[in-house]
Amino acid sequence: MSEQTPMLDTLAFYCSSLSGDLWAAENPKDKETILQNYLEKVDKEFTTVADFKPDLEWFNVSEPLPLKSLKGKIVILDFFTYCCINCLHILPDLKRLERLYPVDKGVVIIGVHSAKFDNEKVDANILSALQRYEITHPVVNDANSLLWDDLAVQCWPTILILGPKGNPIFVVMGEGHFDILSMYVKAALDFYAPRGMISTKPLPLNPTRSLIAASNLHFPGKIVCSKYDPSDPTPELYALSDSGNHRVLVMNAKGEVLFKVGGADKEAGFEDGDFQTAKFNSPQGLAFLNENILFVADTENHAIRRIDLKLGIVETIAGTGKQGNDKIGGKVGVEQEISSPWDLVVYQTKDMDMSFHMDEESVPEKYVVLIAMAGTHQIWALFLEDTIWWKYKKQVAGTCVCIAGNGAEENRNNSYPQNAAFAQPSGLTINRELKEVYIADSESSCVRKLCLTDGKVSLIVGGDRNPLNLFAFGDADGKLHLAKLQHCLGVAYNPVRKCAFVADSYNHKVKRIDLETNSVSTWIITDKANKPHQFNEPAGLCLSPNGETMYVADTNNHNVEVVTLKTMKTTTLNLKFNVPSKEFDYGKILKFDKLKVSHNGGKLRLAIALNFEQGVKLTEGAPQKFICKIPGDEWIISPAHGDYKPKKNVDLDITVPRKLTACFQFCNFLVNFKLNLCSGDLCFFKNFTLDFPVTYTNDGLDCIIQEVSVKVGQDVKI
């Protein structure tokens with residue numbers, strides 16, 4: 001290495017060689033020896049790094065933490081910026097490291113916020129991000145990236161590990177390195193602790209308390225309407241991802257909340273079930289299939305969830321619950337790993353080869369969920385039915401696959417979708433007439449479009465001609481590349497006015513896009529006092545069916561704004577949670593294996609036996625009820641409800657209709673029991689639901705006869 005080589009480059013070279021040696025090591029003892037020899041070398045070679053400049057703003061501590069005050073600590077510096085999806089991906093790893101190696105074991109994590117966008121340099125915006133992503137370790141706002149420049153850091157995220165003298169010992173770039181980081185920290189403690197160089201003294205940690213005013217919403221992300229055609233007679237519903245509360249709200253146009261789905265304790269989790277027990281983790285994008293079915297991009301669970309408003313259940317239909325790195329896809333349902341889905345739209349398409357062989361009007365339409373896969377910088381599709389897609393490739397129902405973007409983080413347009421590249425796509429909307437999807441490509445600060453007939457990707461407004469330049473951001477109206485946006489997160493098409501709107505998030509504005517001229521203009525939206533409304537990182541937009549009203553998820557203001565487009569005036573939507581709930585208490589849900597039926601439908605005959613534990617019996621004279629819920633009016637079930645009789649099965653005869661175009665591939669019917677029981681002198685109530693998924697398959701049966709047994713006691717089990 002030359003003397004002119006930056007320290008971090010030299011350290012990265014050493015770490016690369018170390019990785020090769022560790023990979024070749026045959027046993028753990030050899031790895032320990034290699035790590036100890038490595039630390040002997042770098043401990044002598046590298047001196048203390050430059051310290052933080054004075055007068056920087058610190059978070060989650062009661063006083064600044066200059067490196068000289070951290071003598072005796074293994075210091076993990078995380079160079080990050082809060083817009084970056086890769087930086088968000090490593091937050092779970094940092095939390096795990098904090099739990100494994102707390103301060104009293106001699107380790108401290110410090111986030112060094114080194115902004116990409118101008119908006120990210122503002123202290124208040126960083127504070128909001130720390131609260132949104134529940135970051136509790138110390139963070140310093142190095143707004144001018146002085147330490148970044150001193151060390152010649154090159155990418156987000158970069159993790160630099162310092163020894164107890166403030167000397168650099170390891171560097172790791174990118175995401176997905178928890179095992180390596182954990183091994184490095186342990187090796188550093190094993191090396192320095194016997195030398196008496198590790199300090200366990202406390203630090204002035206003081207996680208910032210929420211400064212958010214009392215509100216029912218906490219960082220709302222996206223908002224969608226259940227219909228786009230004003231002639232559609234179905235009820236007009238709106239769904240809102242209340243991301244910080246880890247839940248989804250469904251309401252009417254007046255703001256009356258009809259359903260609260262998940263987030264009963266406002267804690268993150270990953271669980272299917274009824275609306276009370278289901279859990280999400282920072283959900284973002286939403287899309288209605290119809291007035292009963294709602295899809296959710298469960299972003300930090302890396303999954304697509306399906307909410308059935310009629311049956312009152314949530315189920316996972318794609319994703320494993322853990323971040324994946326697959327950039328191709330092709331597996332079905334929950335077998336397919338995905339990465340940070342950020343937005344969704346439902347698209348209807350005709351099979352691509354059928355229209356060449358028959359009258360196009362008679363070709364059935366299929367439903368596809370399009371996904372802005374921010375984590376891999378791509379556009380994916382979840383096929384709800386067997387569908388013939390581009391290049392006449394048949395996609396089996398439930399398949400989740402990439403349809404555009406090669407996975408590189410670039411602003412690259414191309415006539416061939418797999419040669420195009422995106423940069424953290426975060427918002428989607430459909431122009432159904434032109435069969436185009438418009439994409440808010442946040443890290444390239446532009447809006448782009450994907451043609452849904454041939455896959456061509458092209459620019460609408462923003463960004464730069466150079467596909468590698470992801471720093472072409474600003475705040476300027478104009479055409480094509482002359483228009484400048486700053487980390488736009490949401491986009492909505494208005495079919496009535498034939499234009500689109502973009503949530504220009506980091507400019508705190510909503511702008512109008514003229515799709516004929518590919519130009520953007522800022523809209524001045526005023527409040528009741530005729531003063532310009534100050535949005536704060538708005539992230540989601542949608543239009544009312546008549547195209548006259550726009551709903552804005554004003555994320556950092558923790559509100560939904562309702563904008564009347566004729567007057568450009570806005571009012572804050574007053575959510576009403578005290579309306580009669582439409583939710584149904586299903587109690588514990590027991591889920592059974594899928595019942596596979598023919599595409600032409602068929603018969604199901606179920607015999608449900610309740611087996612009571614010894615000493616448990618029905619309370620004499622008390623009501624014992626069951627009730628069935630079916631997916632649609634075209635289903636027939638007999639009996640639909642009744643009294644449960646002791647020592648008798650509940651025999652159900654179900655007629656499953658043929659698979660309709662508008663029917664999702666997977667359906668569920670439920671049987672809910674409400675029983676009053678006694679055991680000795682103790683009497684108790686049991687409320688539980690049997691969930692039977694039904695799927696249409698090519699090899700499905702037209703008649704299924706099945707016996708089901710349920711154990712009932714203090715607990716209920718299959």
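A brief report on the enclosed structure follows. (Residues numbered from 1 in each chain as written. Predicted model: local features only at pLDDT ≥ 70, side-chain atom pairs only at ≥ 80, totals over all residues. Heavy atoms only, no water.)

## A short note on the overall build of the chain
Item 1. Of the regular secondary structure elements, the chain holds seven helices and 47 strands.
Item 2. In terms of C-alpha radius of gyration, the chain reaches 28 Å, essentially the compact-globule figure of 27 Å for 718 residues.
Item 3. With the C-alpha coordinates aligned to their principal axes, the bounding extent of the chain is approximately 80 × 70 × 55 Å.
Item 4. Each of the 718 residues in the chain was classed as buried or not, and the buried ones make up 58%.
Item 5. Here the analysis covers contacts within the chain between residues at least 6 apart in sequence; of these, 62% occur between residues at least 24 apart. (Helix = DSSP H or I, 4+ residues; strand = E, 2+ residues; numbered from the N terminus. Rg over C-alpha atoms; globule rule 2.2 N^0.38 Å. Buried < 20%, exposed > 50% of the residue type's maximum accessible area, 1.4 Å probe, protein only. Contact = heavy atoms within 4.5 Å.)

## Section: helix α7 (residues 178–192)
Item 1. An ideal rise of 1.5 Å per residue puts 21 Å on 15 residues; α7 measures up with 21 Å between its terminal C-alpha atoms.
Item 2. What α7 keeps buried is the set Phe178, Leu181, Ser182, Tyr184, Val185, Ala187, Ala188, Leu189, Phe191 and Tyr192. (Expected span 1.5 Å × (residues − 1).)

## Focus on the sheet that holds strand β31 (residues 519–522)
Item 1. Pairing within the open sheet is antiparallel, and its five strands lie in the order β27-β31-β30-β29-β28. On the outer flanks of this sheet lie β27 (478–479) and β28 (490–494), each paired with one strand and no other.
Item 2. Note: strand β29 (residues 499–504) against strand β30 (residues 509–514), five bridges, orientation antiparallel. Note that in β30 the partner of Ala503 across the bridge is Val510. (Pairing = 2+ DSSP bridges.)

## A few points about the nonpolar core
Item 1. Core analysis: the largest hydrophobic core is formed by 78 residues, its most contacted members being Phe52, Leu77, Ile110, Ile161 and Phe170.
Item 2. The biggest single contributor to this core is α7, with nine residues.
Item 3. Among the nonpolar cores identified, the runner-up in size contains 37 residues, and Val597, Ile630, Ile637 and Ile654 belong to it. (Core = buried A, V, L, I, M, F, W, Y, C linked by side-chain atoms within 4.5 Å.)

## Quick look at the packing of helix α1 (residues 7–24) against helix α2 (residues 28–45)
Item 1. Axis separation between α1 and α2 bottoms out at 10 Å; the angle between their running directions is 165 degrees. The pairing of α1 with α2 is recorded here as roughly antiparallel in orientation. Judged by the twist between their axes, the crossing of α1 over α2 is right-handed. Of the residues in α2, those touching α1 at Thr10, Leu11, Tyr14, Cys15, Leu18, Asp21 and Leu22 are Lys31, Ile34, Leu35, Tyr38, Lys41, Val42 and Glu45.
Item 2. Tallied by class, the residues present in the contact of α1 with α2 amount to nine nonpolar, one polar and four charged. (Axes fitted to C-alpha atoms, helices over the stretch in contact; angles between N-to-C directions. Parallel < 35°, antiparallel > 145°, perpendicular 65-115°, else oblique. Left-handed = near helix turned anticlockwise from the far one by under 90°. Nonpolar A, V, L, I, M, F, W, Y, C, P; charged D, E, K, R; others polar.)

## What about the sheet that holds strand β8 (residues 237–242)?
Item 1. Ordered by their spatial adjacency, four strands build an open sheet running β7-β8-β9-β10, and the pairing between neighbours is antiparallel. Only two strands of the sheet have a single partner each, and these edge strands are β7 (223–225) and β10 (257–261). Strand-to-strand twist of the sheet, defined as the mean angle between neighbouring strand axes without regard to direction, takes the value 20 degrees.
Item 2. In the sheet, strand β9 (residues 247–252) pairs with β10 via four bridges, with the strands oriented antiparallel. Residue pairing in the sheet places Met251 in a bridge with Val257 of β10.

## Describing the pattern of salt bridges
Item 1. Per the counting criterion, the structure on display carries 26 salt bridges.
Item 2. Close ionic contact of Arg448 with Asp441 constitutes a salt bridge, the shortest N to O distance being 2.9 Å. Across the pair, Asp441 and Arg448 agree in class, each one buried. (Salt bridge = Lys/Arg side-chain N within 4 Å of Asp/Glu carboxyl O.)

## With respect to the packing of α2 against α7
Item 1. The N-to-C vectors of α2 and α7 enclose an angle of 70 degrees; their axes lie 10 Å apart at closest approach. Relative to α7, the element α2 is oriented roughly perpendicular. Here Leu35, Gln36, Leu39, Glu40 and Asp43 of α2 lie close against α7, whose contacting residues are Met183, Tyr184, Ala187, Ala188, Asp190, Phe191 and Tyr192.
Item 2. Residues that form the contact of α2 with α7 fall into these classes: eight nonpolar, one polar and three charged.

## Observations regarding the side chain of Asn281
Item 1. Inspection of the secondary structure assignment puts Asn281 in the loop between β11 (273–274) and β12 (286–288).
Item 2. For Asn281, the contacting residues outside a window of four places in its chain are His246, Ala268, Gly269, Asp298, Thr299, Glu300 and Asn301.

## A closer look at α2
Owing to its 3.6 residues per turn, the α-helix brings residues three or four apart onto one side.
Item 1. A rise of 1.5 Å per residue sets the reference length of α2, with its 18 residues, at 26 Å; its end C-alpha atoms lie 26 Å apart and thus fit the reference within 8%.
Item 2. Turning to α2, its buried residues are Leu35, Tyr38, Leu39, Val42 and Asp43. Viewed end-on, α2 has its buried residues packed into an arc of 125 degrees, placing them on one side of the element. Opposite the buried face of α2, at more than 90 degrees from it, the exposed residues are Lys29 and Lys44. (Arc of directions from axis to C-beta.)

## Details of the pairing of strand β40 (residues 625–629)
Item 1. In β40, alternate side chains face the same way, and those of Phe626 and Cys628 are buried while those of Lys625, Ile627 and Lys629 on the opposite face are not.
Item 2. Summarising the sheet, β40 and strand β42 (residues 641–643) pair through three bridges and their orientation is antiparallel. In the sheet register, Ile627 faces β42, and the bridge partner there is His641.

## Points about the environment of Glu335
Item 1. Structurally, the position occupied by Glu335 is in the loop between β16 (329–332) and β17 (341–350).
Item 2. Here the alpha-carbon distance between Glu335 and Gly319, two residues 16 residues apart in the chain, equals 6.7 Å.

## Re the side chain of Ser339
Item 1. If you trace the backbone, Ser339 turns up in the loop between β16 and β17.
Item 2. Classification of Ser339 by relative accessible area gives buried; the value is 1%.

## With respect to the state of the cysteines
Item 1. Applying the stated rule across the entire model yields zero disulfides.
Item 2. Cys87 carries a free sulfur, and the closest cysteine sulfur to it, the one in Cys84, is 3.2 Å from it. (Disulfide = S-S within 2.5 Å.)

## Observations regarding the pairing of strand β43 (residues 650–656)
Item 1. Of the two faces of β43, the one holding Val650, Leu652, Ile654 and Val656 is buried and the one holding Asp651, Asp653 and Thr655 is not buried anywhere.
Item 2. Pairing of strand β38 (residues 602–612) with β43, which is carried by seven bridges, proceeds in the antiparallel orientation. Counted as the bridge partner of Gly602 is Val656 from β43.

## Description of the packing of aromatic side chains
Item 1. Tallying each qualifying case throughout the model produces 24 aromatic pairs.
Item 2. Note on Tyr438 and Tyr493: the rings are 6.0 Å apart at their centroids and 70 degrees apart in plane angle, and the pair reads as edge-to-face. Remark: Tyr493 occurs in strand β28 and Tyr438 occurs in strand β24 (residues 436–441); sequence separation between them is 55 residues. Like Tyr493, Tyr438 is buried.
Item 3. Summarising the aromatic geometry, the rings of Phe673 and Phe688 are spaced 5.3 Å apart at their centres and angled 15 degrees between planes, so their arrangement reads as stacked. With a gap of 15 residues between them, Phe673 in strand β44 (residues 666–679) and Phe688 in strand β45 (residues 682–696) connect regions that are remote in the sequence.
Item 4. The exposure class assigned to Phe688 is buried, which follows from its relative accessible area of 0%. (Phe/Tyr/Trp six-rings, centres within 6.5 Å; stacked < 30°, edge-to-face > 60°.)

## Some points on unusual backbone geometry
Item 1. Cis geometry is found at the peptide bond from Trp156 to Pro157, where omega equals -15 degrees.
Item 2. The backbone of Lys391 sits at a positive phi, close to 60 degrees, despite the residue not being glycine.
Item 3. One non-glycine residue, His558, lies in the positive phi region at around 60 degrees.
Item 4. In this structure, His558 sits in the loop between β33 (549–554) and β34 (559–564).
Item 5. The buried category is assigned to His558, whose relative accessible area is 8%.

## Regarding the environment of Gln486
Item 1. Relative to the helices and strands, Gln486 resides in the loop between β27 and β28.
Item 2. Other than its neighbours up to four places away in sequence, Gln486 contacts Phe117, Asp118, Asn119, Ser445, Phe473, Gly474, Asp504, Ser505, Tyr506 and Asn507.
Item 3. Of note is the side chain of Gln486, whose polar atom sits 3.2 Å from the backbone nitrogen of Asp118. (Polar contact = N/O pair within 3.5 Å; in protein donor to acceptor, adjacent residues only side chain to side chain.)

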